[in-house]
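Results of the structural survey
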Amino acid sequence: MLRSIGRQSAYFIGHTKGRPLTARSALVRNTLSDELRFGSAGQQQCRHCATSHKVGQFESATTKDISHRKKNSHTINSNNETDDEASLLAQQLAQIDEEVAHLLALKAKLGDGPATPQKFTLKTPKGTRDYSPQQMMLRQGVLDKIIAVFKKHGGEAIDTPVFELKEVLTGKYGEDSKLIYDLKDQGGEILSLRYDLTVPLARYLAMSKISTLKRYHIAKVYRRDNPAMTRGRYREFYQCDFDIAGTFDHMLPDAECVKIVAEVLDALDIGEYVIKINHRQLLDGMFEACGVPADKFRTICSAVDKLDKSPWADVRKEMIEEKGLDPAAADKIGEYVRLSGGSELCEQLLADEKLKAVPSAVKGLEGMQLLLKYSAAMGLSGKISFDLSLARGLDYYTGVIYECVLQAEPKIVQNGADGAEEQGAVGSVAGGGRYDNLVGMFDARGKQVPCVGVSIGVERIFSVLEAKNAAAGVKTRTNEVEVYVASAHKGLHEKRLSILNTLWEQGIKAEHSYKLNPKLLAQLQYCEENQIPLAVVFGDSELTKGIVKLREVNTRKEEDVPLTELGDEIKKRLRN
């Protein structure tokens, strides 16, 4: 029966050529429904002849049916069919639908008929943005200054894959682990996009058996965070990390990382800032002194970390209602996290009876004293603040932690995101700390490589500088062209190419018009619009004399320069 149905389908599809496939599908279904029909008592007329048949009799769709159509005669199977035949009919009709759907798919693949234009919304994914040439020039300038500071301190560059095995990233970020982007299994490995550059560094150190390294790494990371484009918080963004790995004397590398943060922000001239510092051991000791159970240290630390965004009342409520902390313990924590200062605060806390009874708190305070001393020796006394509200919620921190915030935070104007977002302050622009146990998590023997590092929040810095430039009306050059070669007459394009080639070979950045005979005024206007400092202008008369005119675009002053001395003269002008 199935074979006959298949032949039946082919027959009708072949004999309905020229009709749309959907119409052919309907014809096949209707024809076979008539031929394979049974129902209530009575007579029903066959669609191929005037003969009426008793209902309940079944017309077999075999090759004889085709002959029946041609000769107007057919054979009637007089046997009564059961309910099983009804089920078989439904299966056969479904098979026809499947075959016709396959033909429709082939038709679409072959492109038969007019293509329907695809409709979609042109936008970047949530939490991402495009960057114009002007923005990219600003970004590159920022990155160049950051890299210069990193290299000044002996940094070496590395790179790691943009995705890692999921097990490498899992369990390293505390409550923020939910923000990791997981990838679909593409061949037996469960992968995730990197959340930061620190955990990949620890994996790299353990895998490469490296125990000492001073490295910097600038690359994109990914977080399923709730983006705030106006605050420079994205789901895809750059991090600029500097880390020192190895066993060294206490607080010496930590103090240098704080110094690096200050140097970067000074080089970028981003405005007044303060570097907040604290110590994880002091925080744990403070929690213990306040009566926080040890198994709640990390979750309470994550709550304290929100004090830079939320008032104490909201944080206290989260500790009690969501984290299950005793209200009395929360109130004791509140007394400490409001404190900030310098060396005098260390002395005050060392005299605190509750903290003195907790060894980890004392050890953390002694470390803070030493860090403040070293920072003062490097001229950072006016730029750092010992702040007990600083927590940094990442699980891998074990010692000193720090974070840099702008003191006069500018309002960041909307740029490339949803218009519904309001203007907002940028928040922290750098952060980091010590993580002594992270590398050991990846080593088969648990070998530890102590590390300390800092991460520059470069996206937020970009947002601040864009806002400052927009407010000042600063126009950013989008290229580094030093000289433009312009011809005054027709038919001089080959001479332009010859002069350009000479300049390029001497390392001079130069360009020209891609039109054979451009107008001189249009060429000079291009120089002014693109802030190109110099222009080489020549015509037939200049070439006859073996000279060109070297024009200063801003002043429009021109001088005759021999072609043989053009490269040297341009370099001299650029140096001045």
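Here goes a summary of the coordinates provided. This structure is a prediction, so every number in the text was calculated from the model and none was measured. (Residues numbered from 1 in each chain as written. Predicted model: local features only at pLDDT ≥ 70, side-chain atom pairs only at ≥ 80, totals over all residues. Heavy atoms only, no water.)

Bringing helix α12 (residues 327-337) into the picture now. Buried residues of α12: Ala329, Ala330, Ile333, Gly334, Tyr336 and Val337, and no others. What you see down the axis of α12 is that its buried residues fit within an arc of 165°, all on one side. Looking at the buried residues of α12, the elements they touch are α9 (280-289), α10 (297-304), α11 (312-322), α13 (343-350), α14 (353-356) and β12 (384-387). For α12, the side-chain oxygen to backbone nitrogen distance between the N-cap and alanine 328 is 3.0 Å, and the N-cap itself is aspartate 326. (Buried < 20%, exposed > 50% of the residue type's maximum accessible area, 1.4 Å probe, protein only. Helix = DSSP H or I, 4+ residues; strand = E, 2+ residues; numbered from the N terminus. Arc of directions from axis to C-beta. Contact = heavy atoms within 4.5 Å. Polar contact = N/O pair within 3.5 Å; in protein donor to acceptor, adjacent residues only side chain to side chain.)

Glancing now at the packing of α13 against helix α15 (residues 359-377). A pair of packed helices can be characterised by two numbers: the angle between their axes and the separation between those axes. One way to put it is that α13 packs onto α15 with a least axis distance of 10 Å and a crossing angle of 160°. Regarding the angle of α13 to α15, the classification is roughly antiparallel. Crossing geometry of α13 relative to α15 is assigned as left-handed. Residues Ser343, Cys346, Glu347, Leu349 and Leu350 of α13 lie in contact with α15, whose contacting residues are Val362, Leu365, Met368, Gln369 and Leu372. For the contact of α13 with α15, a count of residues per class yields 7 nonpolar, 2 polar and 1 charged. (Axes fitted to C-alpha atoms, helices over the stretch in contact; angles between N-to-C directions. Parallel < 35°, antiparallel > 145°, perpendicular 65-115°, else oblique. Left-handed = near helix turned anticlockwise from the far one by under 90°. Nonpolar A, V, L, I, M, F, W, Y, C, P; charged D, E, K, R; others polar.)

Here we come to the pattern of salt bridges. Two side chains that carry opposite charge are able to pair once their charged atoms sit near each other. Tallied over the entire structure, the rule returns 28 salt bridges. Of the charged contacts, one joins aspartate 331 and arginine 316 as a salt bridge, the two residues approaching to 2.6 Å between their closest N and O atoms. In this pair, aspartate 331 sits in helix α12 while arginine 316 sits in helix α11, placing the two residues 15 residues apart along the sequence. Between glutamate 552 and arginine 573 there is a salt bridge, with its nearest N and O atoms 3.5 Å apart. (Salt bridge = Lys/Arg side-chain N within 4 Å of Asp/Glu carboxyl O.)

Let us now look at the pairing of strand β14 (residues 428-434). β14 sits mainly inside the fold: 7 of its 7 residues count as buried. Of the pairings in the sheet, the one linking strand β13 (residues 400-406) to β14 comprises 5 bridges and is antiparallel in character. Counterpart to tyrosine 402 in the pairing with β14 is glycine 432. Inspection of the sheet shows β14 paired to strand β15 (residues 451-456) by 5 bridges, in the antiparallel sense. The residue of β15 that forms the bridge with alanine 430 is isoleucine 456. (Pairing = 2+ DSSP bridges.)

Mapped onto the secondary structure, alanine 535 falls in strand β18 (residues 534-538). Judged by relative accessible area, alanine 535 falls into the buried class, the value being 0%. For alanine 535 and glutamate 558, which are 23 residues apart along the polypeptide, the C-alpha to C-alpha distance reads 9.1 Å.

Everything listed is a geometric property; what it means functionally is a separate question.
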